[in-house]
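# Close look at the chain arrangement
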Amino acid sequence: MTDSKAFRRSLGKFATGVTVVTCTDQDGHPCGITANSFSSVSLDPPLILWNIAKVSNSLRAYLDAGHFAINVLSADQREVSTHFARTDHTLFDSIKFTLSPDGVPLLPGTIATFECRTHTIHDCGDHYIIIGEVHGFHVEDGDPLLFYSGGYRNIGD
Ligand SMILES: Cc1cc2nc3c(=O)[nH]c(=O)nc-3n(C[C@H](O)[C@H](O)[C@H](O)COP(=O)(O)O)c2cc1C
C-alpha cells in the first residue's frame, strides 16, 4: 500500500452518518470528538464501536473513561460536527449539554443517543477501536447528517 491519498479517497466513498462521542476526563472536564467511525457490532449483548486516532489530544480521556456516549447528529447539526472536529480545550464553553447519570455529556438536538459502558479497547494500527456496551439509548424523529467523499450531505442531495 503506497498511495495513501487514493486509499483515503476510496474510503470516503463509503457514506456514513456523523456522531460526536462524548466522555468526561479524569479531571471532570467534558470531552467531545466528531467521529464517523461509529458502527453497530452486536444486538445481544448490545455492542457498538468507534475508532479514535492515536494522535488525538483527547485519547487519554477516552481510553480511561468507563463510560461514553454516542450522539448521532441531525441534518441541521453541521456546525456541531465542525465544532467538535476542532482541537480546542474550551469546546464545551459555547455548547449546551446535559449530564447522564454516569456523568457523560449528552448533546441536545440529536436524532439518537447511545449511553455506553466501555467494554473493550483494541490497539489497531494508528487508531484504537473502542467497543461500548449500550445500557441506555434515546431516539428522535428527523433526518441524519451524512458524510461522503470528504463533505457533508443531506439525504436527497
Ligand atoms: C466527519 C468527521 C469524522 C471524523 N471521524 C473521526 C473518527 O472516527 N475518529 C477520530 O479519531 N477522529 C475523527 N475525526 C477527526 C476528529 O474529529 C478531530 O481530529 C478531533 O476532534 C481533533 O481534536 P483532538 O485532537 O483534540 O481530539 C473526524 C472528523 C470529521 C470532520
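### A few points about the overall build of the protein chain
Each helix and strand counted, the protein chain has three helices and 12 strands in total. Here the C-alpha radius of gyration of the protein chain, 15 Å, is about what a compact globule of 157 residues would show, namely 15 Å. Considering only C-alpha atoms, the protein chain reaches an extent of 45 × 35 × 35 Å along its principal axes. Across the 157 residues of the protein chain, 36% fall into the buried class. For the protein chain, restricting intrachain contacts to residue pairs at least 6 apart in sequence, the fraction spanning at least 24 positions comes to 62%. Split by element, the accessible area of the protein chain, about 9300 Å² in all, is 53% carbon and sulfur. The positive charge centre, built from 11 side chains, and the negative charge centre, built from 18, are 11 Å apart in the protein chain.

### Quick notes on the environment of Ser-56
Inspection of the secondary structure assignment puts Ser-56 in the loop between β5 (47-53) and α2 (59-64). By relative accessible area, Ser-56 is classed as buried at 16%. Separated by 31 residues in the primary sequence, Ser-56 and Thr-87 place their C-alpha atoms 8.6 Å from one another. Polar contacts involving the side chain of Ser-56 include one to the main-chain amide nitrogen of Ser-58, which spans 3.1 Å.

Definitions and limits used
- Residues numbered from 1 in each chain as written.
- Predicted model: local features only at pLDDT ≥ 70, side-chain atom pairs only at ≥ 80, totals over all residues.
- Heavy atoms only, no water.
- Helix = DSSP H or I, 4+ residues; strand = E, 2+ residues; numbered from the N terminus.
- Rg over C-alpha atoms; globule rule 2.2 N^0.38 Å.
- Buried < 20%, exposed > 50% of the residue type's maximum accessible area, 1.4 Å probe, protein only.
- Contact = heavy atoms within 4.5 Å.
- Areas by Shrake-Rupley, 256 points an atom, 1.4 Å probe, with all protein chains shown as cover.
- Lys, Arg positive; Asp, Glu negative; His and termini not counted.
- Charge placed at Lys NZ, Arg CZ, Asp CG, Glu CD.
- Polar contact = N/O pair within 3.5 Å; in protein donor to acceptor, adjacent residues only side chain to side chain.

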